[in-house]
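# Residue-level structure breakdown
So the chains spell out like this:
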Amino acid sequence: MREVIKEVSTHEIINEETLETIFFSIIRSQTSISNQCQRSYEAFTPQIETIFKEELQVFFAEIGGKQWSNQDIDVDAIAVM
């Protein structure tokens, strides 16, 4: 997850490029974890998914809060989606 956040933390706004970077970074991360230890990966998939969701929600809330600070937008709802 640290690698995913490191890759996307260079983005200052949420746009198509940011979402694409996140998507491909998660795919690389999941593939790497899966290739290193398939049994553990399968056993811990629900926990890994939860961690990714929580960390990405925090990331989107922070970036969205800055990006839409002067607009009447529910940033938390966007972060969850």
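Above this note sits the structure.
Values in this document were obtained by computation on a predicted structure and should not be read as measured data.

To continue, consider the overall build of the protein chain. Looking only at helices and strands, the protein chain features four helices and zero strands. Reading the protein chain from its N terminus to its C terminus gives the helix and strand order α-α-α-α. Its C-alpha atoms give the protein chain principal-axis dimensions of roughly 45 × 20 × 15 Å. Taking all 81 residues of the protein chain together, 27% fall into the buried category. Taking the contacts inside the protein chain whose residues are at least 6 apart along the sequence as the reference set, 46% of them involve residues at least 24 apart. Of the roughly 6,000 Å² of accessible surface on the protein chain, 54% is carried by carbon and sulfur atoms. Separation between the mean location of the 6 positive side-chain charges and that of the 14 negative ones in the protein chain comes to 11 Å.

Where helix 2 (residues 16-36) contacts helix 3 (residues 38-67), the axes come no closer than 10 Å and their chain directions differ by 155°. Accordingly, the angle class assigned to the pair helix 2 and helix 3 is roughly antiparallel. The element helix 2 and its partner helix 3 pack so that their crossing is right-handed. The segment helix 2 lies against helix 3, with T18, L19, I22, I26, S29, Q30, I33, S34 and Q36 engaging Q38, Y41, I48, F52, L56, F59 and F60. By residue class, the composition of the contact of helix 2 with helix 3 is 10 nonpolar, six polar and no charged.

Before going further, it helps to spend a moment on the packing of aromatic side chains. What characterises a pair of aromatic rings is the spacing of the ring centres plus the angle enclosed by the ring planes. This structure, assessed with the given rule, holds two aromatic pairs. Between F23 and F24 the ring centres are 5.4 Å apart and the planes differ by 75°, which places this aromatic pair in the edge-to-face class. F24 gets classed as partly exposed once you look at its relative accessible area, which sits at 42%. Their ring planes at 65° and their centres at 5.6 Å tell us that F59 and F60 sit as a pair that is edge-to-face.

Conventions adopted
Numbers given for residues are sequential positions, taken from 1 along each chain in its written order. Thresholds applied to this predicted model are a pLDDT of at least 70 for local features of residues and 80 or more for the giving and counting of side-chain atom pairs; totals over whole chains, interfaces and linings are not thresholded and use all residues. Excluding hydrogens and water, the side-chain values take into account all heavy atoms of the structure. Think of it this way: any DSSP run of H or I at least four residues long counts as a helix, any run of E at least two long counts as a strand, and we number them from the N terminus. Summary of the burial criterion: residues with accessible area below 20% of their type's maximum are buried, those above 50% are exposed, and those between are partly exposed, where the area comes from a 1.4 Å probe applied to protein chains only. Residue contacts are defined here by distance: any two heavy atoms, one from each residue, within 4.5 Å place the two residues in contact. Note that accessible areas follow from Shrake-Rupley with a 1.4 Å probe, and for residues the cover is restricted to the protein chains shown. Charged-residue counts in this description rest on Lys and Arg as positive and Asp and Glu as negative, His and the chain ends being excluded. Think of each charge as sitting on NZ of Lys, CZ of Arg, CG of Asp or CD of Glu. Lines fitted to C-alpha atoms define the axes, with helix axes restricted to the stretch in contact, and inter-axis angles between N-to-C directions lie between 0 and 180 degrees. For classification purposes, an angle smaller than 35 degrees is called roughly parallel, one larger than 145 roughly antiparallel, one from 65 to 115 roughly perpendicular, and anything else oblique. Left-handed describes a crossing whose near helix is turned anticlockwise from the far helix by less than a right angle; the clockwise case is right-handed. Following the grouping adopted for this structure description, the nonpolar residues are Ala, Val, Leu, Ile, Met, Phe, Trp, Tyr, Cys and Pro, the charged ones are Asp, Glu, Lys and Arg, and the polar ones are all others, Gly among them. What counts as a ring pair is set by centres within 6.5 Å for rings of Phe, Tyr and Trp (its six-membered ring), and what kind of pair is set by the plane angle: stacked under 30 degrees, edge-to-face over 60, tilted for all other angles.

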